[in-house]
Amino acid sequence: AQRVTQPEKLLSVFKGAPVELKCNYSYSGSPELFWYVQYSRQRLQLLLRHISRESIKGFTADLNKGETSFHLKKPFAQEEDSAMYYCALRPAGSQGNLIFGKGTKLSVKP
Amino acid sequence: KAGVTQTPRYLIKTRGQQVTLSCSPISGHRSVSWYQQTPGQGLQFLFEYFSETQRNKGNFPGRFSGRQFSNSRSEMNVSTLELGDSALYLCASSLAVKTEAFFGQGTRLTVV
């Protein structure tokens, strides 16, 4: 079955501390992996995708096919990073639907 | 340019009624997808449309249906509403099927 697991519902760190949001997936093929973010009172938006291999707002994520993981990392958390983060998988093939994890709420304390 | 617009933003319906939600995609976007978000199940895929054709459907009962018009606007309909249909319904549009999805702010449906 295709599944995305985010083991932490809530992650609380202090400003300036490193942060790692975990994401594991279950999929037999080669999926596309994404991280979406939802700031308070704002719509869900794409943060980054594994294909682009870029850093957005200081966040990076590396696809580890052996461990079927796509963890999101930032070396120094900022208060404005506080938000809900969703890991998502798009199966290979012609369909464009996304399979989401249940999300991790990141709280960065001053 | 304007983002994805969903109407109405909030809706209260009674069990057994039906409801229609609307989604206007970003201008030029031809693909529209719908998702249901609940505290228990999270974000779950409902359907995907491209050029007025349903390309993909999630695991939801037949009470959930949708359509897309020639101007790419989309509607989803839920018939015979149940309490468990209470959720935030999100619409996302993209230029094509596998390009970046832009989400609307959602329609909050409450079934009483």
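Remember, it's a predicted structure, so these values are computed and weren't measured experimentally.

A.B. asks: Explain the environment of Thr20(B) to me, please; I cannot follow it from the model alone.
C.D. replies: Residues and elements named next belong to chain B. Inspection of the secondary structure puts Thr 20 in strand β3 (residues 19-24). Residue Thr 20 is classed as partly exposed on the basis of its relative accessible area, which comes to 37%. Taking the C-alpha atoms as reference points, Thr 20 and Glu 75, 55 residues apart in sequence, are found 6.5 Å from one another. Only 2.9 Å separates the side chain of Thr 20 from the side chain of Asn 77, close enough to count as a polar contact.

A.B. asks: Explain the nonpolar core to me, please; I cannot follow it from the model alone.
C.D. replies: Considering soluble globular proteins, one finds that nonpolar side chains tend to be buried as a cluster. Counting 26 residues, the largest nonpolar core has Val19(A), Trp35(A), Leu47(A), Leu48(A), Phe70(A), Leu72(A) and Tyr85(A) as its most contacted members. Of all the elements in the fold, those that place two or more residues in this core are β2 (10-14), β3 (19-21), β5 (32-38), β6 (45-49), β8 (69-74), β9 (83-90) and β11 (104-109) of chain A. A per-element tally of this core places β9(A) first, with four residues. With 21 residues, the next largest nonpolar core counts Trp34(B), Val78(B), Leu81(B) and Tyr89(B) among its residues.

A.B. asks: What am I meant to see in the sheet that holds strand β8 (residues 74-78) of chain B here?
C.D. replies: Backbone hydrogen bonds hold the strands of a sheet together, and the pairing may be parallel or antiparallel. Residues and elements named next belong to chain B. With antiparallel pairing, the four strands of this open sheet are ordered in space as β1-β3-β8-β7. Strands with a single pairing partner mark the edges of an open sheet, and in this sheet they are β1 (5-7) and β7 (64-68). When strand polarity is set aside, the average angle formed by the axes of neighbouring strands in this sheet is 20°. One ladder, built from three bridges, connects β1 with β3; its direction is antiparallel. Across the sheet, the residue bridging to Thr 7 is Ser 22, located in β3.

A.B. asks: Just to check I follow, could you spell out the interface of chain A and chain B for this structure?
C.D. replies: Reports of interface size often rely on the accessible area that becomes lost once the parts have come together. Residue-level contacts link 18 residues of chain A with 19 residues of chain B. Between chain A and chain B, the buried area comes to about 1700 Å², and carbon and sulfur atoms account for 45% of it. There are two salt bridges connecting chain A and chain B. Salt-bridge contacts for Glu32(A) lead to Lys98(B); the nearest nitrogen and oxygen are separated by 3.6 Å. Taken together, the connections running from chain A to chain B amount to nine residue pairs in polar contact (both at pLDDT 80 or more). In terms of residue class, the side of chain A that touches chain B is built from seven nonpolar, five polar and six charged.

Rules used throughout
- Residues numbered from 1 in each chain as written.
- Chains lettered and ligands numbered in written order.
- Predicted model: local features only at pLDDT ≥ 70, side-chain atom pairs only at ≥ 80, totals over all residues.
- Heavy atoms only, no water.
- Helix = DSSP H or I, 4+ residues; strand = E, 2+ residues; numbered from the N terminus.
- Buried < 20%, exposed > 50% of the residue type's maximum accessible area, 1.4 Å probe, protein only.
- Polar contact = N/O pair within 3.5 Å; in protein donor to acceptor, adjacent residues only side chain to side chain.
- Core = buried A, V, L, I, M, F, W, Y, C linked by side-chain atoms within 4.5 Å.
- Pairing = 2+ DSSP bridges.
- Axes fitted to C-alpha atoms, helices over the stretch in contact; angles between N-to-C directions.
- Contact = heavy atoms within 4.5 Å.
- Buried area = accessible area lost by both parts, 1.4 Å probe.
- Salt bridge = Lys/Arg side-chain N within 4 Å of Asp/Glu carboxyl O.
- Nonpolar A, V, L, I, M, F, W, Y, C, P; charged D, E, K, R; others polar.

These figures capture arrangement, not role.
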